[in-house]
Amino acid sequence: MVSPQDSAHQRALRVLGDAIRARRRSLGLSLSQLASGVGCTKSYLSQIETGYRDSPPSREILASLERALRLAPDSLARHAALLSLPDALRTEVDALRAHRDRAQALATKLKTASLDDLYKSGQLASLVDALAPADADASMRNASPVPLRVQVPLINKVAAGYPTEFTDLGYPARVADEYVAVPEVMDPDAFAARVVGDSMLPDYREGDIVVFSPERTAVDADDCFVRLEPDAETTFKRVYFETLEGEEHIRLQPLNPAYPARTLPRERVAGLYVAVSVIRPVRPR
């Protein structure tokens, strides 16, 4: 727990330790297992996680932690680098990052709801207040560093068109030939797939890499990687839950109006994995 009374140095150490502990637990690793994989003692690792050390781990230990926790290279090192900054500058950097995160939250809301609806519900006022808090000093004290970027296995392609046969190429869970670095996705079973086809235009284009989280529960209007039975087909669609003649069905809705929707009995849908992040290559105009 980070206290507002802590120095900026102590806060940065504890935020680093909290991030390591959260990632370790999400992967189901004990302190002993992680310490063995990193090549350090259990007590030393415990001191890192609790923030009770006066200095951050060495670059070698941080690199070993990144590999053992399946994090993107230098993701922990970026956190540790904050510790070398003077307290005043580090606090200012934290506050700027928190301000950026609030601005992104406002932008996301504006994409998914009308300005009038946000105004009437009071959400617009709340978001604006968050961007310009009355107590700026408190905002700076409570700011957190940039989220870790975790390594997510890129296992296959998902059809944004008609369902196609899916294969994970025989790899066990969490293993692949290729990984992508994604911030703020802490689900240890998250996976990514490249979009093939155009049925999810304009929101998703062919070649986009979409990250899916098995731990998220799908609700109406979620965009999902859908696994169908009995032939293990998969597709990428927006899903809606409906009741037809007393039976639960799921409507697979393309975003491109050139494609028809499909409504299937719930038992035909073997898996729904919610899209949580998109990585899009830069394309020439």
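Above: the structure in question.
Draft legend 1. Region of interest: the overall build of the chain. Tallying secondary structure elements over the chain gives nine helices and 10 strands in all. For the chain, the residues scored as buried account for 41% of the 285 residues in total. Contacts spanning at least 24 positions in sequence make up 62% of the contacts within the chain whose residues lie at least 6 apart. Surface summary for the chain: the accessible area is close to 15,400 Å², and the carbon and sulfur share equals 52%.

Draft legend 2. Spotlight on helix H3 (residues 42–50). Regarding H3, the residues found buried are Tyr 44, Leu 45, Ile 48 and Glu 49. Relative to the axis of H3, the buried residues are bounded by an arc of 135 degrees and lie together on one face. Positive backbone phi, approximately 75 degrees, marks Gly 51, located one or two places after H3.

Draft legend 3. A look at the packing of aromatic side chains. One pass over the full model with this rule turns up seven aromatic pairs. Pairing Phe 212 with Phe 236 gives two aromatic rings, centres 5.6 Å apart and planes at 85 degrees, and the pair type is edge-to-face. Within this pair, whereas Phe 212 is found in strand E5 (residues 209–213), its partner Phe 236 is found in strand E7 (residues 233–244), the two being separated by 24 residues in sequence. One exposure class covers both Phe 212 and Phe 236, and it is buried. A centroid spacing of 6.1 Å and a plane angle of 55 degrees characterise the contact between Phe 225 and Tyr 273, whose relative ring orientation is tilted. Residue Phe 225 is found in strand E6 (residues 222–228), and its partner Tyr 273 is found in strand E10 (residues 269–279); the two are separated by 48 residues along the sequence.

Draft legend 4. Inspection of the nonpolar core at higher detail. Judged by nonpolar contacts, the single largest core of 28 residues is most densely connected at Ile 20, Leu 65 and Val 152. Elements supplying a minimum of two residues to this core: helix H1 (8–26), helix H2 (31–38), H3, helix H4 (59–68), helix H5 (75–81), strand E1 (149–159), strand E3 (179–183) and E5. Per element, the largest residue contribution to this core is four residues, and it comes from H2. Judged by nonpolar contacts, the second largest core, of 15 residues, contains Ala 160, Phe 212, Leu 255 and Tyr 273.

Draft legend 5. Structural view of H2. Those residues of H2 lying buried are Leu 31, Leu 34, Ala 35 and Val 38. In an axial view of H2, the angular spread of the buried residues amounts to 100 degrees, which keeps them on one side of the axis. Residues of H2 that are exposed and angled more than 90 degrees away from the buried face: Ser 36 and Gly 37. Just past H2, the residue Gly 39 takes up positive phi, approximately 90 degrees.

Draft legend 6. Here's a closer look at the pattern of salt bridges. On inspection of all chains with the given rule, the structure shows eight salt bridges. Put simply, Arg 59 and Asp 74 hold a salt bridge, and the shortest N to O gap is 3.6 Å. Note that Arg 59 is positioned in helix H4 and Asp 74 in the loop between H4 and H5, a separation of 15 residues in sequence. With its nearest N and O atoms 3.3 Å apart, the salt bridge here joins Asp 203 to Arg 238. Residue Asp 203 is located in the loop between strand E4 (191–196) and E5, and its partner Arg 238 is located in strand E7; the two are separated by 35 residues in the primary sequence. On the basis of relative accessible area, Asp 203 is assigned to the partly exposed category, the value being 38%. A single salt-bridge network, built from bridges that share partners, covers Asp 203, Asp 223 and Arg 238.

Draft legend 7. Geometry of the side chain of Glu 66. The residue Glu 66 is located in helix H4 in this model. Separated by 3.2 Å, the side chain of Glu 66 and the backbone nitrogen of Ser 75 make a polar contact. Here the side chain of Glu 66 touches Leu 76 through a polar contact of 3.0 Å, landing on its backbone nitrogen. Not counting chain neighbours up to four residues away, the residues in contact with Glu 66 comprise Leu 71, Ala 72, Pro 73, Asp 74, Ser 75, Leu 76 and Ala 77.

So, how was this worked out
- Residues numbered from 1 in each chain as written.
- Predicted model: local features only at pLDDT ≥ 70, side-chain atom pairs only at ≥ 80, totals over all residues.
- Heavy atoms only, no water.
- Helix = DSSP H or I, 4+ residues; strand = E, 2+ residues; numbered from the N terminus.
- Buried < 20%, exposed > 50% of the residue type's maximum accessible area, 1.4 Å probe, protein only.
- Contact = heavy atoms within 4.5 Å.
- Areas by Shrake-Rupley, 256 points an atom, 1.4 Å probe, with all protein chains shown as cover.
- Arc of directions from axis to C-beta.
- Phe/Tyr/Trp six-rings, centres within 6.5 Å; stacked < 30°, edge-to-face > 60°.
- Core = buried A, V, L, I, M, F, W, Y, C linked by side-chain atoms within 4.5 Å.
- Salt bridge = Lys/Arg side-chain N within 4 Å of Asp/Glu carboxyl O.
- Polar contact = N/O pair within 3.5 Å; in protein donor to acceptor, adjacent residues only side chain to side chain.

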